[in-house]
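Observations on the three-dimensional arrangement
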Amino acid sequence: MKSLHRKVAVVTGATSGIGARIAEVFAAEGAYVVLAGRREREGHQRAAALGGSATFVRCDVSVEADVEALVGHAVERYGRLDVMVNNAGGPGNMASVTDFDSAVFTRTLAVHVAGVMHGIKHAGRQMVAQRSGSIINVASLAGKIAGWSGLDYSTAKAAALHLTRCAAVDLGEHEVRVNSVSPGFVPTGIFAKGAGADASAADASAASVAEAFKPLLDSSQPLPGTVRTDDIAAAVLWLAGDASRLVTGQDLAVDGGMTAGRPATAARAERTRMRDLLSP
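Residues numbered from 1 in each chain as written. Predicted model: local features only at pLDDT ≥ 70, side-chain atom pairs only at ≥ 80, totals over all residues. Heavy atoms only, no water.

Description of the packing of helix α4 (residues 102-130) against helix α5 (residues 151-171)
Where α4 meets α5, the closest approach of the two axes is 9 Å, and the angle between their N-to-C directions is 20 degrees. The pairing of α4 with α5 is recorded here as roughly parallel in orientation. By crossing handedness, the relation of α4 to α5 is classed as right-handed. Touching V104, F105, T108, L109, H112, V113, V116, M117, I120, G124 and V128 of α4 are L151, D152, Y153, T155, A156, K157, A159, A160, L163, A167 and L171, all from α5. The residue inventory of the contact of α4 with α5, partitioned by class, reads 16 nonpolar, four polar and two charged. (Axes fitted to C-alpha atoms, helices over the stretch in contact; angles between N-to-C directions. Helix = DSSP H or I, 4+ residues; strand = E, 2+ residues; numbered from the N terminus. Parallel < 35°, antiparallel > 145°, perpendicular 65-115°, else oblique. Left-handed = near helix turned anticlockwise from the far one by under 90°. Contact = heavy atoms within 4.5 Å. Nonpolar A, V, L, I, M, F, W, Y, C, P; charged D, E, K, R; others polar.)

A look at the sheet that holds strand β6 (residues 176-183)
Within the open sheet, the seven strands sit side by side as β3-β2-β1-β4-β5-β6-β7. Their pairing is parallel. Whereas interior strands pair on both sides, the edge strands pair on one side only; in this sheet they are β3 (54-58) and β7 (251-254). Sheet twist, expressed as the average angle between the axes of neighbouring strands with direction ignored, equals 20 degrees. With six bridges joining them, strand β5 (residues 133-138) and β6 adopt parallel strand pairing. Looking across to β6, one finds that V138 is bridged to V181. Relative to the sheet, helix α1 (residues 17-28) contacts β1 (8-11), β2 (32-37), β4 (83-86) and β6, its axis offset from that of β1 by approximately 170 degrees. The sheet contacts of helix α3 (residues 64-78) involve β1, β2, β3 and β4, and relative to β3 the element is tilted by about 155 degrees. (Pairing = 2+ DSSP bridges.)

Encoded structure:
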């Protein structure tokens with residue numbers, strides 16, 4: 001039997017990138033999937049491609065009423081909610097803290113922190129009532145170490161990680177699990193969006209983004225290769241299913257070891273350069 005057979009799942013930010021792939025994998029594993037996002041045309045197209053087991057609901061996660069209606073749609077249509085994936089997000093701003101636009105900072109927190117809280121709150125209400133459920137928040141390595149994204153995005157993701165732990169201990173006694181997944185560098189359209197590209201055009205930029213970041217990954221990621229949306233979807237799938245039934249309050253980093261430290265060869269090369277500079 002497929003791992004999510006007849007389970008009901010909601011995935012926010014499902015019109016592209018990581019969220020779109022999670023929705024595809026969930027549907028393939030037997031789930032009824034409600035895709036959510038702000039781009040209606042792309043959302044309806046993706047839901048239609050998944051067949052009769054999927055629907056799309058337009059949702060801005062920073063608006064609590066939207067999230068409440070999203071969860072209500074899933075419960076009204078399917079009678080329950082088993083999995084909530086809080087994935088919706090956007091790029092960070094690379095401005096210095098001394099120049100940062102407070103309105104931009106507030107907007108980022110509204111999506112990446114308040115949006116996650118809205119998802120936990122409204123999915124949690126239903127899951128507490130049915131005494132079962134798994135909530136998965138998509139965080140980031142930027143929430144663990146500074147310097148990899150804008151200060152707004154990094155701060156928001158760090159908050160989302162602790163929100164995950166707080167919600168896990170709040171809801172655990174009701175048999176509701178809350179975990180997070182922290183992707184490393186995944187070449188999706190979010191990087192092009194951060195550079196100002198149109199959303200649809202940005203989605204097609206993954207290959208060029210991956211190529212541009214390759215030298216950086218070679219010097220900072222112990223495991224070779226680019227993290228793919230498939231890798232993140234597989235981690236989320238495990239946390240969604242019964243195989244992880246006693247896992248809660250945890251963060252699963254899928255980052256090629258980047259948060260563990262630099263590749264040993266990079267460190268050795270640096271030591272060699274230092275030795276040469278200090279040699280008489």
